[in-house]
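# Summary of structural features
The residues making up each chain are set out below.
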Number of protein chains: 2
Amino acid sequence: MKKLLFSFCLLGASLGLRAEDGHQLWLRPHPAAPVKVVATAKNSALLATARQELARGWQGPAGATVTLTLRPDKALKPDGFRLGPTSVQAATAAGLLYGAFELLRRQQTGQPVTTEVVNPSYERRLLNHWDNPDGSVERGYAGHSIFWRKDSSFVVTPRDKALWQAYARANASVGLNGSVLNNVNASPLILSAEYLGRARAIADVLRPYGVRVYLAVKFSSPVLLGGLKTADPLDPAVIKWWRGKVQEVYRQIPDFGGLLVKASSEGQPGPQDYGRTHADGANMLADALRPYGGLVMWRAFVYSPSDKDRAKQAYNEFKPLDGKFRDNVIVQVKNGPIDFQPREPFSPLFGALKKTSVMPEFQITQEYLGQAIDLVFLSTMWEECLRSDTYQAGPGSTVARCTDGSVYPQKHTAMAGVSNVGLDPNWTGQDFAQANWYAFGRLAWNNQLPSAQIADEWLKQTFANSAAGPRPATAADWNTNFLAPVTQLLLTSREAAVNYSMPLGLHHIMSATHAHYGPGPWWAPPGMRPDWTPPYYHQADASGVGFDRTTTGSNAVSQYHEPLAAQFNNPATCPDEYLLWFHHLPWDFKMKSGRSLWDELCAHYDLGVHQVRQFQQVWDQAQPYVDAERFAAVQDKLRTQSGNAVVWKDACLLYFQQFSHRPIPATVEPPMHTLEALITNDVQHKDAGPAN
Amino acid sequence: MKKLLFSFCLLGASLGLRAEDGHQLWLRPHPAAPVKVVATAKNSALLATARQELARGWQGPAGATVTLTLRPDKALKPDGFRLGPTSVQAATAAGLLYGAFELLRRQQTGQPVTTEVVNPSYERRLLNHWDNPDGSVERGYAGHSIFWRKDSSFVVTPRDKALWQAYARANASVGLNGSVLNNVNASPLILSAEYLGRARAIADVLRPYGVRVYLAVKFSSPVLLGGLKTADPLDPAVIKWWRGKVQEVYRQIPDFGGLLVKASSEGQPGPQDYGRTHADGANMLADALRPYGGLVMWRAFVYSPSDKDRAKQAYNEFKPLDGKFRDNVIVQVKNGPIDFQPREPFSPLFGALKKTSVMPEFQITQEYLGQAIDLVFLSTMWEECLRSDTYQAGPGSTVARCTDGSVYPQKHTAMAGVSNVGLDPNWTGQDFAQANWYAFGRLAWNNQLPSAQIADEWLKQTFANSAAGPRPATAADWNTNFLAPVTQLLLTSREAAVNYSMPLGLHHIMSATHAHYGPGPWWAPPGMRPDWTPPYYHQADASGVGFDRTTTGSNAVSQYHEPLAAQFNNPATCPDEYLLWFHHLPWDFKMKSGRSLWDELCAHYDLGVHQVRQFQQVWDQAQPYVDAERFAAVQDKLRTQSGNAVVWKDACLLYFQQFSHRPIPATVEPPMHTLEALITNDVQHKDAGPAN
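As recorded in an unreviewed UniProt entry, chain A goes by Alpha-glucuronidase and comes from Hymenobacter polaris.

Structure follows, in structure tokens:
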């Protein structure tokens, strides 16, 4: 930490004060020490980037020589490297770049640099952008797309390029190496010459940072764009059309990464329209991509309106197809069985497939977790999923190991995160949402990384020495009064969000009219498909609350390996966190705490509200250590979150109270809204951003 | 209390359970014991009413004989009476009626009945209805007018009559004996034949309950209705017109009470338009009324936009006119110098006039105190005013004694309250607002009555035995678990409202766009007359906050007699309650508590929020003792109040923080709204009723 302290003092002396809009992310300008970079490697764009980053951010001894050495090394995966205090050695130029960033990160965060081998957990570390051709972003809360124009023009301006470069640099700095440039609810337009031309321009800017471009495609593109009569994956004309289209793509973008497909899902066309399987569809595309080394990422997010338990369906559809996919297909599975809820148990598909490559899909953009208002650090949620044991091959078969090839070999491995990036000056709308972009990248690189370390790294790189006012005298002061409490805030923020929105395994009880922001346990318009309405999920009635997925209910528990199935099946052993996910229990069910289920529910909602208030106080205390602009912006967001947490609490408790017929305990803060007003939206906070 | 307990049991056995909409007010149906009423008095409508009420509500020994005796008695004022356990003696039939109600009230509330003389504090005990000819009610939050129709028709239906009768009975039961039927911002239409006809019909229904009818008139009526060229009070044609009109009124309503006038005030026409004084105007009307015994109530609510301190103006305009008014004129003075704020010091006019009759005007409708949402018992506020010592004739010259003729003799005495009654089933919108109607009547009858007794009376008559569920076994249980905590709630409710809205002497910082509900310290549209905007009143800037009314400021303090003037003038001796009313003080001013002014302000707002939450808990605990309908209605109102209290706190603290540049102390709950959102009204609660 002495070096860190040293840089504090240097900065205080040398940098002027300036407004701080958060655009620099965790890559803030530093007064770098002079460094000499000696490379034993062929010149390349990636190497040039590595040199540039070292020159820009070196914090080590002034005048030091850093050596970058390229040579074959069996201990290293393609993007891996050997790190030393002043050296990086790798088998690829990309490895040198990641090594350079690792060296700089350790310097800036005060972590020791020893001699060690560093390999990524996954081969492909991808952002999925849900950006539409018209520049809108589905579930985006940070402005329009950085890739596609609102006016649908295709002019590439210097400003575009600068933004894409800054984006690529941020990705590379945390180890991300791919971007799917458009929404999974894909427009066929993305494969038109104009859009491919712009995708090529983007790829050209991203390439020197090791970030490859991917596209999401609509399965019916041969019909919609190609004018064919069918999109049947076994139809020769269709196969030919895709081959031609893939060839065209690679002509523009030789290192194109591959295709992402949402098919036969939520109204999207797919192979099932022609009586074919997911495997038939994915394999047809995989065959077209194979000559170029391209990948198909085939989403497992499928469910039909008629099924009695949506949570079971992905497993039921994909499990029988195990072994039927080409080896350049990866099935992309959301972390939980439903849809990015504040808390879900891991998807049983992670433990189900042995002969099929599987990749986790996380959602960085906070669709169900406060959008760009609430401060929710998602790293702990992803860590919880990655560390969950599937017991697929006995104890220790964590989701992390089931997806990175450790349990069953995979030809390709990958992790995807739905991006939260937009045109807002600070990229992500809420300044702290940058931490989720950062954390996703770090976990995709190393799926064993503890969230505490990620939080520590991000805070140090993002806020150290940002205060515009009187500056803390010592790093110890900063560590004690800023770093420690704000780290704690980050690490508890997701549990707080669970508490004030969907505790004890409740899920999918958000408002649909407010684009999944805010509570809506009552929402069930006549004629709406039941599995899109909260009552389908909470099942509250006079007898109790929760979704019965036990062996005598929907039997979703049976999709988990033992001992999980038995553990989840028994309310006495099922963790509180998943209780109402797996069980419909009476309101007076006695919890492990000794409280009744109703009282426990009340206590959780109340705790959530108080946790947010405590976050506010932590942040208020942090004021001396933060620039005025970001301090005020985050303070404002926390205030809105605090009010919205109360809306959640009041809405859910008053709604469920209609069934429980029990008083809200006196230890719980009384509601400050009436249910009627909440339902008629009279007091809904309007700060919530629309989905688009 | 044994009798009360006895009646509990009787009721439990005899009454069925029914929905409870609050329409019965504090006059709930009881299983009356048989009683024989023997009257030594000429038959009259008032006597018949007294007999009927005794038969309806007698709770004494079954078969008892009650004697009503009419005979002259020098110890008794016109409406006074001598009470005995089974007897009422009075000099007027009205006295017998009030005595009968007193007997019944004591029985129902368990107060002992001894032999005693009971006289009212004021001769005229009036409700002022701000009801417009189109049936709207200015500052009314309980629906349309009970007197005037929305469709401006004049048909008198049996339902009208039943409602007016129930209204008159409620008034009589608490001693009110007059109603001004229309708004002080009067339409000339009220003096048209059609409206006078309807006023007569109303008077006919009110008469048997001793309630006389009054009207508010527009000073320019001779021009607007009579077609004259002037309304100059010294113009013979004008004098003649008013004489004719008054005669016409008395032909319709022989016991008509008199006229209420808002003149030369807030754009209303008045004598000053013709270079005449308030006295000239009032006396002209008084002369017209004199032959019939009618009264003029002339409002002192006057202020001009150009003056530097609105608080001083009523005093400045009326003090020089002392002694210039006829003896059937009473100057009607609002309790405070500004306008019915949550807390004001008493109007110095109460201590200023020696040869002029003065009457207090209170506002029962909660314009600035939560309208029909917030539960605020105003009795303590009125008690505070009535008990304030003006020192007009040395110590003990309270506002009560300065207005009831005790300090200087007055030919007539009166007290007026702006009504909160409308067509809502429960009359007043919020069930607990009935308590303010009740309390006003009781204080107009006896201006020494403690609020604690009024609260006790009202609760016992309004809620005892109302529970629909399992009934408390004993009166002691009810007293301990309902009466005691809810009385406490009532008695602290106004201080809570002051705390969360305008503590420490702040005033007039409410929202104008929301019709005086909710906070608006920032409200000051360009071009708006300054004395209608909050910044005129709070004067917040970097140097501090508050209105300087000291001798070096506007010198409003000098309108108070010593020792008050000196006490108010010195921030060290000025009570905290009035501190920012009289002083502009720095944010770090050291308060009596030892806290800085800023911290003290924060603490008051925070306390207010927590007080409302505590009221919610008190009410929740009261559930077993209250019928389901009123329980739920009040619970809902309290919830909304609770949220709105937070809006007040957040808005005011965040607004003033812009000037104080000080942190909100960590002991205070952090804001849950952003100032921006509050200002743009994004999170304003819409439950607030409009003024009309």
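Taken together, the contact pairs 26 residues of chain A with 26 residues of chain B. Summing the contributions of chain A and of chain B, the shared interface buries around 2300 Å²; its carbon and sulfur component is 53%. The three residues of chain A that bury the most area against chain B are A:Arg639, A:Pro670 and A:Met672, which together make up 27% of that side's buried surface. At the junction of chain A with chain B, the criterion picks out 10 residue pairs in polar contact (both at pLDDT 80 or more). Secondary-structure elements contributing two or more residues to the side of chain A that touches chain B are α18 (597–621) and α19 (628–660) of chain A. Ranked by residue count, the leading element in the side of chain A that touches chain B is α19(A), at 8 residues. Tallied by class, the residues present in the side of chain A that touches chain B amount to 9 nonpolar, 10 polar and 7 charged.

Once their charged atoms are close, side chains differing in charge can pair, the charge on each being opposite to the other. All chains considered together, the criterion is met by 76 salt bridges over all chains. Here A:Glu495 and A:Arg343 are joined by a salt bridge, their closest N and O atoms 2.9 Å apart. Taken together, the positions of A:Glu495 in helix α14 (residues 475–501) and A:Arg343 in the loop between β11 (329–334) and β12 (357–363) put the pair 152 residues apart, joining distant regions of the chain. A relative accessible area of 5% means that A:Arg343 is categorised as buried. With a closest N to O distance of 2.7 Å, B:Lys262 and B:Glu266 form a salt bridge. The exposure class assigned to B:Lys262 is buried, which follows from its relative accessible area of 4%. The class of B:Glu266 is partly exposed, set by a relative accessible area of 32%. Here the residues in one salt-bridge network are A:Glu20, A:Arg28, A:Asp627 and A:Arg630, joined through shared partners.

Here we come to the relation of the copies chain A and chain B. One chain copy maps onto the other through a rotation about an axis and a shift parallel to that axis. By a simple turn and slide, chain A fits onto chain B: the slide is 0.0 Å along the axis, the RMSD is 0.0 Å, and the turn is 180 degrees. Such a combination of rotation and displacement between the chain copies is what one expects of a two-fold axis. A symmetric contact is evident, with 100% of the interface residues of chain A recurring at the interface of chain B.

With that settled, the discussion passes to the confidence of the model for chain A. For chain A, the average pLDDT comes to 93, and 95% of its residues sit at 70 or higher. Per the prediction output, this complex has pTM 0.91; the corresponding ipTM is 0.87.

Residues and elements named next belong to chain B. Both strand β3 (residues 81–84) and strand β5 (residues 116–118) contribute to a ladder of 3 bridges, which runs antiparallel. The residue bridging Arg 82 from the neighbouring strand is Val 117, located in β5. Pairing geometry for β3 and strand β4 (residues 87–90), over 3 bridges, is antiparallel. If you follow Leu 83 over to β4, its bridge partner there is Val 88. Joining the antiparallel neighbours β3 and β4 is a turn of 2 residues.

Moving on, we get to the layout of surface pockets. As a volume, the largest pocket reaches approximately 580 Å³. Surrounding the largest pocket, 25 residues form its lining, A:Gln623, A:Phe631, A:Gln635, A:Arg639 and B:Gln657 being those nearest its centre. Take the lining of the largest pocket: its biggest share by element is 6 residues, from α19(A). Looking at side-chain class alone, the lining of the largest pocket contains 12 nonpolar, 8 polar and 5 charged residues.

Another aspect to go through is the environment of B:Tyr500. Residue and element names in this part refer to chain B. Here Tyr 500 lies in helix α14 (residues 475–501). Through-space distance from the C-alpha of Tyr 500 to that of Pro 519 is 9.8 Å; in sequence the pair is 19 residues apart. Setting aside its immediate chain neighbours within four residues, Tyr 500 contacts Asp 374, Val 376, His 604, Tyr 605, Gly 608, Val 609, Val 612, Gln 641, Ala 645, Trp 648 and Lys 649.

Among the nonpolar cores identified, the biggest contains 420 residues, and A:Phe656 and B:Phe656 are the most heavily contacted of them. Those residues in contact with B:Phe656 that sit more than four places away from it in its chain are B:Leu506, B:Ile509, B:Pro521, B:His538, B:Ala540, B:Val545, B:Trp587, B:Trp598, B:Leu601 and B:Tyr605.

So, on to the environment of B:Gly227. All names here are of chain B. With respect to the helices, strands and loops of the structure, Gly 227 is situated in the loop between α6 (221–224) and α7 (236–252). With relative accessibility at 58%, the residue Gly 227 sits in the exposed group. Gly 227 sits 14 residues away from Trp 241 along the chain, and the two C-alpha atoms are 10.0 Å apart.

So, on to the pairing of strand β2 (residues 64–70) of chain A. All names here are of chain A. Of the strand pairs in this sheet, strand β1 (residues 35–40) and β2 are connected by 6 bridges, and their pairing is parallel. Residue pairing in the sheet places Thr 40 in a bridge with Thr 69 of β2. A crossover links β1 with its parallel partner β2, the connecting element being helix α2 (residues 45–57), and its sense is left-handed. By the bridge criterion, 4 bridges tie β2 to strand β4 (residues 87–90) in an arrangement that is parallel. Bridge pairing in β4 places Leu 68 opposite Val 88.

Strands belonging to one sheet form pairs held by backbone hydrogen bonds; the direction of such a pair is parallel or antiparallel. Residues and elements named next belong to chain B. The sheet built from 5 strands is open, its strands ordered β1-β2-β4-β3-β5 with mixed pairing. The open sheet has two edge strands with one neighbour each: β1 (35–40) and β5. Each strand axis lies, on average, 20 degrees off the axis of its neighbour in the sheet, ignoring direction. The strands touched by helix α2 (residues 45–57) within the sheet are β1 and β2 (64–70), with β1 carrying the most contacts at an inclination of about 160 degrees. Packed onto the sheet, helix α3 (residues 93–109) meets β2, β3, β4 and β5 and runs at close to 35 degrees relative to β3.

What follows concerns the packing of aromatic side chains. Under the criterion given, the structure shown has 78 aromatic pairs over all chains. Chaining the aromatic ring pairs together yields one cluster made of A:Phe432, A:Trp458, A:Phe463, A:Trp478, A:Phe482, A:Trp619, A:Tyr625 and A:Phe631. The ring of A:Phe547 carries the charged tip of A:Arg549 above its face, separated from the ring centre by 3.9 Å. One cation-aromatic arrangement involves B:Arg125 over B:Tyr98; the distance from NZ or CZ to the ring centre is 5.3 Å.

What follows deals with the sheet that holds strand β9 (residues 258–261) of chain A. All names here are of chain A. Pairing in this closed barrel of 8 strands is parallel, and the strands run β6-β7-β8-β9-β10-β11-β12-β13 around the ring. Adjacent strand axes in the sheet meet at a mean angle of 25 degrees when their direction is disregarded. Two strands pair when backbone bridges link them, and β12 and strand β13 (residues 414–418) are joined in this way by 3 bridges, in the parallel orientation. What sits directly across from Glu 361, in β13, is Ala 416.

Residue and element names in this part refer to chain A. Over its 14 residues, helix α5 (residues 193–206) extends 20 Å from the first C-alpha to the last, a length consistent with the 20 Å expected when each residue adds 1.5 Å. Listing the buried residues of α5 in full gives Tyr 195, Leu 196, Arg 198, Ala 199, Ala 201, Ile 202, Ala 203, Val 205 and Leu 206. The inward-facing, buried residues of α5 contact α4 (158–173), β7 (178–180), β8 (212–217) and α7 (236–252).

So, about a positive patch on the surface. Taken together, A:Lys319, A:Lys324, A:Lys354 and A:Lys355 make up a surface patch of like positive charges. With respect to the secondary-structure elements, A:Lys354 resides in the loop between β11 and β12.

Here is what the cut-offs are and how they apply
- Residues numbered from 1 in each chain as written.
- Chains lettered and ligands numbered in written order.
- Predicted model: local features only at pLDDT ≥ 70, side-chain atom pairs only at ≥ 80, totals over all residues.
- Heavy atoms only, no water.
- Contact = heavy atoms within 4.5 Å.
- Buried area = accessible area lost by both parts, 1.4 Å probe.
- Polar contact = N/O pair within 3.5 Å; in protein donor to acceptor, adjacent residues only side chain to side chain.
- Helix = DSSP H or I, 4+ residues; strand = E, 2+ residues; numbered from the N terminus.
- Nonpolar A, V, L, I, M, F, W, Y, C, P; charged D, E, K, R; others polar.
- Salt bridge = Lys/Arg side-chain N within 4 Å of Asp/Glu carboxyl O.
- Buried < 20%, exposed > 50% of the residue type's maximum accessible area, 1.4 Å probe, protein only.
- Least-squares fit on C-alpha atoms with pLDDT ≥ 70 in both.
- pLDDT = per-residue confidence, 0-100.
- Pairing = 2+ DSSP bridges.
- 1 Å grid on protein atoms, 1.4 Å probe; cavity = no way out; pocket = protein on both sides within 12 Å on 5 of 7 lines; lining within 4 Å.
- Points joined across faces, edges and corners; volume = space filled by probe spheres on them.
- Core = buried A, V, L, I, M, F, W, Y, C linked by side-chain atoms within 4.5 Å.
- Right-handed = clockwise from strand over helix to strand, strands pointing away.
- Axes fitted to C-alpha atoms, helices over the stretch in contact; angles between N-to-C directions.
- Phe/Tyr/Trp six-rings, centres within 6.5 Å; stacked < 30°, edge-to-face > 60°.
- Lys NZ or Arg CZ within 6 Å of the ring centre and 35° of its normal.
- Expected span 1.5 Å × (residues − 1).
- Patch = residues over 30% accessible without salt bridge, like charges linked within 9 Å, V, L, I, M, F, W, Y side chains within 5 Å.
- Areas by Shrake-Rupley, 256 points an atom, 1.4 Å probe, with all protein chains shown as cover.
- Lys, Arg positive; Asp, Glu negative; His and termini not counted.
- Charge placed at Lys NZ, Arg CZ, Asp CG, Glu CD.

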